[in-house]
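# Coordinates in review
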Amino acid sequence: MQATRIRIGRQLLDARTSVGRQSVRGFAASAPRGVKEPPPPPQKDAQDGTTHFGFETVAEALKEQRVRGVFSSVASSYDSMNDFMSLGIHRLWKDHFVRNLNPGRNPLTSPSSPDAQKGWNILDIAGGTGDIAFRMLDHASHINHDAHTNVTVADINPDMLAEGKKRSLQTPYARSPRLRFVEANAEKLDMIPDNSIDLYTVAFGIRNFTHKDVALKEAYRVLKPGGVFACLEFSKVENPLFNAVYQQWSFNAIPYIGQLVAGDRASYQYLVESIARFPSQEEFSGMIRDAGFLIPGKGYENLTDGIAAIHKGVKPA
Amino acid sequence: MPATARLSSTIIGTSRASPSRSLPAFRQRCAYHSYDYAQPPPFPPAETKILSSAYAHVPEHGFTIDALKLGARDAGYLDASTNLFPRGVFDLINYHLVTQRLALKDSVQFPEAKDGKEIGVGRKVRSLTLARLRANEPVLHRWQEALAVMAQPTYIPPSLHELAALADEIWFLAGDQSVDTSWYTKRATLSTVYSATEVFMTQDTSKNFVETEQFLDNRLQDLQTVGGFMGKLGEWVNYTGHSTINVLRSKGMRI
């Protein structure tokens, strides 16, 4: 009952916004049927202490809780759902992301000075299930022959961390000092000292943060000078034709798959809404620059025409 | 000439006045030469620092990611900071290409015209091209690696772009002021000659690269021969065409 009321309310809101915009909307920009237009962002975001949770507007204090709820409920089926939703492509994205960062210090090619630290310190934020962490360690060990690079996996959600710990048992890194799990909020990483991290990664996590700018500042704090912030996140598709297909897929198919496979439609509805809400490539690389980072090249790399994008920033030395 | 300089400076003046965002200032590419304003540095400061230190490692480590990492370390950055270069090794090669191209205008000075006889444009082009080739000397034993990277499909367009920019720079510094289609043919032919000579030079073991010099002279000679032949051919076709038409007209044909 509650849910229907919310949906009706949302449709009313949609109708109102679309009437308001009708005069300026061109043919190419008309929304495909069944795809909800995101409501205009609330004007005074910071002042009245609200933020968005998908297309809903919720109190800031509530968002963290609700995000936690979403990921607790999807933790166990997280991987199979990712496969269904992205047709397995998310694995390619993650592989490319890690290969491109090239973590690890090769002891054969880099001359070792006694004071030089061995290996990289990697902090993987929102990496509960260890997807990125295991890939990083594999790349460092097998490609760069580096047995010292270590990864700290931080996640706000204990259920996701439990899933990652369980999965780490099938890797050679379980119970080794190279892999560590901590429960932490990316906006407040008190357990990580200043200037201690070589590489800060966040894969498909940053769009769920309540304050992205605060998290970016915190990343800037923990990174060493010259350290790299790297973010893999859903983004905006650039080809309008492909975008129409993609929007149909994400708003109609994904919640349905969520219902079938994970038995949880609402969480996946949130997922697609939060993707639609996330800033575009240019906006987000602007946010990274505003946090004080140097932007390599144009600042981002599109994957699959912009369904996902890799953003990077380097802390100036 | 002063008029063009003034024109370009007013253009610059207006573009300077317009609000510009901090970063794209470096990315901005000036499409013309200005006599009044210094060109902005081709790379942002942090990138320049890392690339110039990495460049010092090229003779030993080649155009490789290792040279980049060592350069980053020398500049006070980390191994991870090489992520600042999305194109990796190619960015190091590009640094060599761009800095050597821009260095041409300071490294080659032509004496003022003495007793009313100026050095010909052709001679200037020759000495500029040679100067640019000699700039490859410190990294020559690694240059085949660089050519291999530049020949990768992703990097072919930026490499060709840089080659075109070099040909343009040489013709400009030589004082070429053509405004017809020869503008294009001059740059195109110089690009082919330059790249051929560059490849030849990587195999050259002669003292002080005399064979490379010889090779370059031969290619430029070829150009003149071919150019002269094409000119004569054009003249002949033109003359014969006109005569044919006139003969036909004199026979009463309505052409």
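Residues numbered from 1 in each chain as written. Chains lettered and ligands numbered in written order. Predicted model: local features only at pLDDT ≥ 70, side-chain atom pairs only at ≥ 80, totals over all residues. Heavy atoms only, no water.

Attention now goes to the overall build of chain A. In terms of helices and strands, chain A carries 10 helices and 9 strands. Counting every position in chain A, which comprises 317 residues, the buried fraction comes to 50%. The long-range fraction of contacts in chain A, counting pairs at least 24 apart against all pairs at least 6 apart in sequence, stands at 73%. (Helix = DSSP H or I, 4+ residues; strand = E, 2+ residues; numbered from the N terminus. Buried < 20%, exposed > 50% of the residue type's maximum accessible area, 1.4 Å probe, protein only. Contact = heavy atoms within 4.5 Å.)

What follows covers the interface of chain A and chain B. When the parts come together, some accessible area is lost, and that loss is often what is quoted as the size of the interface. Taken together, the contact between chain A and chain B spans 25 residues of the former and 19 residues of the latter. Interface of chain A and chain B: buried area, both sides summed, is about 1,700 Å²; carbon and sulfur atoms make up 55% of it. Together, W120, R289 and A317 of chain A form the three largest contributors to the area buried by chain A at its contact with chain B, with a combined 22%. Among the salt bridges present, the one from R105 of chain A reaches D79 of chain B, with a minimum N-O distance of 3.5 Å. Applying the counting criterion to the chain A and chain B interface returns 3 residue pairs in polar contact (both at pLDDT 80 or more). The set of elements that each furnish at least two residues to the side of chain A that touches chain B consists of α4 (89-101), β7 (223-234) and β9 (308-314) of chain A. No other element matches β7 of chain A, which puts 5 residues into the side of chain A that touches chain B. (Buried area = accessible area lost by both parts, 1.4 Å probe. Salt bridge = Lys/Arg side-chain N within 4 Å of Asp/Glu carboxyl O. Polar contact = N/O pair within 3.5 Å; in protein donor to acceptor, adjacent residues only side chain to side chain.)

What follows is about the side chain of S168 of chain A. Residues and elements named next belong to chain A. Relative to the helices and strands, S168 is located in helix α6 (residues 158-168). Overall, S168 belongs to the buried group, its relative accessible area being 5%. With sequence-adjacent residues up to four places away left out, S168 is seen in contact with F134, A174, L179 and F181.

To continue, consider the pattern of salt bridges. Taken as a whole and judged by the stated rule, the model has 22 salt bridges over all chains. One salt bridge connects K188 of chain A with D190 of chain A, and the closest N-O pair in it is separated by 3.3 Å. Ionic contacts of the salt-bridge type, sharing partners, join the residues R126, R134, E213 and D217 of chain B into one network.

A few words on the UniProt feature "domain: COQ9 C-terminal" (unreviewed entry) in chain B. Under the UniProt annotation, "domain: COQ9 C-terminal" (unreviewed entry) lies at residues 157-226 of chain B. Helix makes up 79% of residues 157-226 of chain B and strand makes up 0%, while its end C-alpha atoms are separated by 28 Å. (UniProt positions renumbered as here; feature names shortened; annotations may be inferred.)

Proteins that are soluble and globular tend to have nonpolar side chains buried together. One finds L179 and L232 of chain A together with F63, I93 and W143 of chain B to be the most contacted residues of the largest nonpolar core, which totals 96 residues. The element best represented in this core is helix α6 (residues 89-107) of chain B, accounting for 8 residues. Every residue in contact with I93 of chain B, bar those within four places of it in the chain, is listed here: F63, W143, A146, V149 and M150 of chain B. With 26 residues, the next largest nonpolar core counts A154, L189, A219 and I288 of chain A among its residues. (Core = buried A, V, L, I, M, F, W, Y, C linked by side-chain atoms within 4.5 Å.)

The phi angle at R175 of chain A is positive, at roughly 60°, despite the residue not being glycine. Of note, the phi angle at F209 of chain B is positive, near 55°, even though the residue is not glycine. Mapped onto the elements, F209 of chain B comes out in the loop between α10 (182-202) and α11 (210-250). Judged by its relative accessible area of 12%, F209 of chain B is buried.

A word on the UniProt feature "binding site: S-adenosyl-L-methionine" (unreviewed entry) in chain A. All names here are of chain A. UniProt records the feature "binding site: S-adenosyl-L-methionine" (unreviewed entry) for T129, D155, N185 and A186 in the present numbering. If you take the residues mentioned a moment ago, the ones lining the largest cavity come down to T129, D155, N185 and A186. Secondary-structure assignment places T129 in the loop between β3 (121-125) and α5 (131-143). In this structure, T129 is in contact with Y78, F134, M160, E163, G164 and R167, ignoring residues within four places of it in sequence. Once you skip the residues sitting within four places of it in the chain, D155 turns out to touch A126, G127, G128, M160, L161, V182, E183 and A184. (1 Å grid on protein atoms, 1.4 Å probe; cavity = no way out; pocket = protein on both sides within 12 Å on 5 of 7 lines; lining within 4 Å.)

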